[in-house]
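Examination of the molecular architecture
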Amino acid sequence: MSKSPRPNSGLHPDSLLAHAGGGFDPATGAVVPPIQTATTFVRDEDYAPIRSGHIYSRDSNDLYLKAEKLIATLEDGADSRLFASGMAAIAAVVRSVKPGGTLLVQSGIYWGTTLFLRKHCARNNIALVEADASNFESVHDEVSITKPDMVWLEVPSNPYLKVADIRRISELCKAHGALLAVDATAATPLILKPLALGADLVMHSATKALNGHSDILGGVVSTSDPDSEAWRFICEERQIAGAILGSFEAWLLLRGLRTLALRVERMNANTMALAKSLENHPKIDAVLYPGLPGHPHHDLAKSQMTGGFGSLMSIRVKGGKEEALRVAGSLDVFQRATSLGGTESLVEHRFTIEGDVTNVPENLLRLSVGIEHEADLVSDLEQALTSI
Ligand SMILES: *Cc1c(COP(=O)(O)O)cnc(C)c1O
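Each chain carries its own residue numbering, running from 1 in the direction its sequence is written. pLDDT decides what is reported in this predicted model: residues at 70 or higher carry local features, side-chain atom pairs at 80 or more are listed and counted, and totals for whole chains, interfaces and linings draw on all residues regardless. Each side-chain value is worked out from all heavy atoms of the structure, with water and hydrogens disregarded.

Bringing the side chain of glutamate 354 into the picture now. Helix numbers and strand numbers start at the N terminus; a helix is a DSSP run of H or I with at least 4 residues, a strand a run of E with at least 2. Mapped onto the elements, glutamate 354 comes out in helix H12 (residues 350–354). Each residue gets one of three labels from its accessible area relative to the maximum for its type: buried under 20%, exposed over 50%, partly exposed in between, using a 1.4 Å probe on protein chains only. On the basis of relative accessibility, which here comes to 2%, the residue glutamate 354 falls in the buried class. Side chain to side chain, glutamate 354 and threonine 358 meet in a polar contact 2.7 Å long. Not counting the four nearest positions on each side in its chain, glutamate 354 is found in contact with Trp111 and Val360. Counted as a polar contact is a pair of N or O atoms within 3.5 Å, where, for protein atoms, one must be capable of donating a hydrogen and the other of accepting one, and residues adjacent in sequence contribute only when both atoms are in side chains. Only heavy atoms enter the contact rule, under which two residues are in contact if any of them lie within 4.5 Å.

We now examine unusual backbone geometry. In terms of backbone geometry, most residues other than glycine have negative phi values and most peptide bonds are trans. Cis peptide bonds are those with omega within 30 degrees of zero, and the linkage from valine 155 to proline 156 qualifies with -15°. Position of proline 156 relative to the elements: it lies in the loop between strand S4 (150–154) and helix H6 (166–176). Proline 159 follows asparagine 158 through a cis peptide bond whose omega is 15°. Of note in this structure, threonine 188 is not a glycine but carries a positive phi near 75°. Along the chain, threonine 188 turns up in the loop between strand S5 (179–183) and strand S6 (201–205). With a relative accessible area of 5%, threonine 188 lands in the buried category. Despite not being glycine, serine 214 shows a phi value in the positive range, around 50°.

Proximity criterion: a residue is near a molecule or strand once any of its heavy atoms comes within 4 Å of it. Lining the immediate surroundings of the ligand are 14 residues, of which Met87, Asp183, Ser205, Thr207 and Lys208 lie closest. Here an oxygen atom of the ligand and a side-chain polar atom of serine 205 are 2.8 Å apart. Residue contributions to the shell around the ligand peak at three residues, all from helix H3 (residues 86–94). Of the residues belonging to the shell around the ligand, the class tally is four nonpolar, seven polar and three charged. Each residue gets one label: Ala, Val, Leu, Ile, Met, Phe, Trp, Tyr, Cys and Pro are nonpolar, Asp, Glu, Lys and Arg are charged, and the others, such as Gly, are polar.

Moving on, we come to the sheet that holds strand S8 (residues 284–288). What makes two strands pair is DSSP finding at least two bridges between them. In spatial order, the strands read S8-S9-S12-S11-S10; together these five strands make up an open sheet with mixed pairing. Looking along the sheet, the strands with just one partner apiece sit at the ends: S8 and strand S10 (335–336). Sheet topology note: the strand S9 (residues 312–317)/strand S12 (residues 364–368) ladder contains five bridges and is antiparallel. Note on S12: the bridge partner recorded for isoleucine 315 is leucine 365. Here an angle of 0 to 180 degrees is reported between the N-to-C directions of two axes, which are lines fitted to C-alpha atoms, with helices fitted over the stretch in contact. Here helix H9 (residues 260–279) sits on the sheet in contact with S8, S9 and S12, set at roughly 15° to S9.

Remark: H3 packs on helix H4 (residues 111–123), axes separated minimally by 11 Å, with the N-to-C direction vectors making an angle of 40°. The orientation of H3 with respect to H4, classified from their angle, is oblique. Taken as a pair, H3 and H4 cross one another with a handedness that is right-handed. Of the residues in H4, those touching H3 at Met87, Ile90, Ala91 and Val94 are Gly112, Thr113, Phe116, Leu117 and His120. Each angle is binned into one of four classes, with values under 35 degrees roughly parallel, values over 145 roughly antiparallel, values of 65 to 115 roughly perpendicular, and all other values oblique. A crossing counts as left-handed when the near helix is turned anticlockwise from the far one by less than a right angle, and as right-handed when that turn is clockwise.

Looking at the secondary structure, you find arginine 232 in helix H7 (residues 229–241). For arginine 232, a relative accessible area of 52% puts it in the exposed group. Spatially, the C-alpha atoms of arginine 232 and glycine 355 are 37 Å apart, while their sequence positions differ by 123 residues. Not counting the four nearest positions on each side in its chain, arginine 232 is found in contact with Pro226 and Asp227.

The subject of this paragraph is the environment of arginine 350. Positionally, arginine 350 belongs in helix H12. Overall, the relative accessible area of 1% leaves arginine 350 in the buried class. Counting along the chain gives 16 residues from arginine 350 to arginine 366, while the straight-line C-alpha distance between them is 6.8 Å. In contact with arginine 350, other than residues within four places in its own chain, are Trp111, Pro159, Thr338, Gly355, Val360, Leu364 and Arg366. In terms of polar contacts, arginine 350 uses its side chain to reach the side chain of glutamate 354, at 2.7 Å.

This is the structure in structure tokens:
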């Protein structure tokens, strides 16, 4: 009889996820891992750690290791590191660009990233170049002229749902010696694997669909090259700067990941149905969703993504701020709240949040589509749109 779990290699991601990476707790036989709350670990009489690698929980913890291994497998990567939030993960990656360096960031992405990068780069003498990376010619010109140390993309972008060409941009980056990092939060590793497309690093806000229940903050970065200088920096930065996830959060993340495949499947289907139902709606100017054949980056999205186009979409209602707020205020199933990727559908008027940082249109509503019944979501928007 086997006393330790056999590896689950070769299984489909859905099966790995259902078992939270597989295995059981060798100490107790429990199917669900215990929450490891200890911050410190004992040494033996000869002063060797009793469990190799475990000295202090800022360095390592069984739950992080389990979740990191699972996420690295989902990404087709070699290693992952969890962080205390998506922003902490972004900060660790970006700090690998040294003062005097240059960072090229896609414009029109998650405003928190834009805000952080503007402040961080200004404070640290790093040149920040903002470019519409969904336009390959534009990013090609900017990379050739500014020779950045790192290019930061967000695919698909939040809240415009633009799609940058990861394959071509990764070739461009390699030719110019730039590192390519991709925030793929709005996709999840089940439908977009930037590392397999040539990116050096992929990052997710685990706060969103990875955990999926709107009850923890977390972030994760993965690589396909654990020996690279950038990866060593990121690992060291997590350990010494200390932006680690709490044990309870890591446990909840593993629990959330068990249903990721089911949730993503339902959320993708719901979002597609909703986008189609709104596409030709007389009260809507535009539906921004790469799954729609009419989306300008639909073919590219199809060539990069598998199994769906994600659960984030935006609509631009006819009119301005007042009309957008009236529609948001009339929704009953969609809750008015920020964030995305949870089981519950959310609506947000982005201009109210980020209007002074970006020039997001006043008539734009961002929708994060959950796992409710498709018909309830379609009819909720239908009735809310009668308010304008
Ligand atoms: C939410 C989000 C982040 C930031 O993650 P936190 O976990 O909130 O720190 C980064 N990128 C994208 C695309 C996001 O949606």
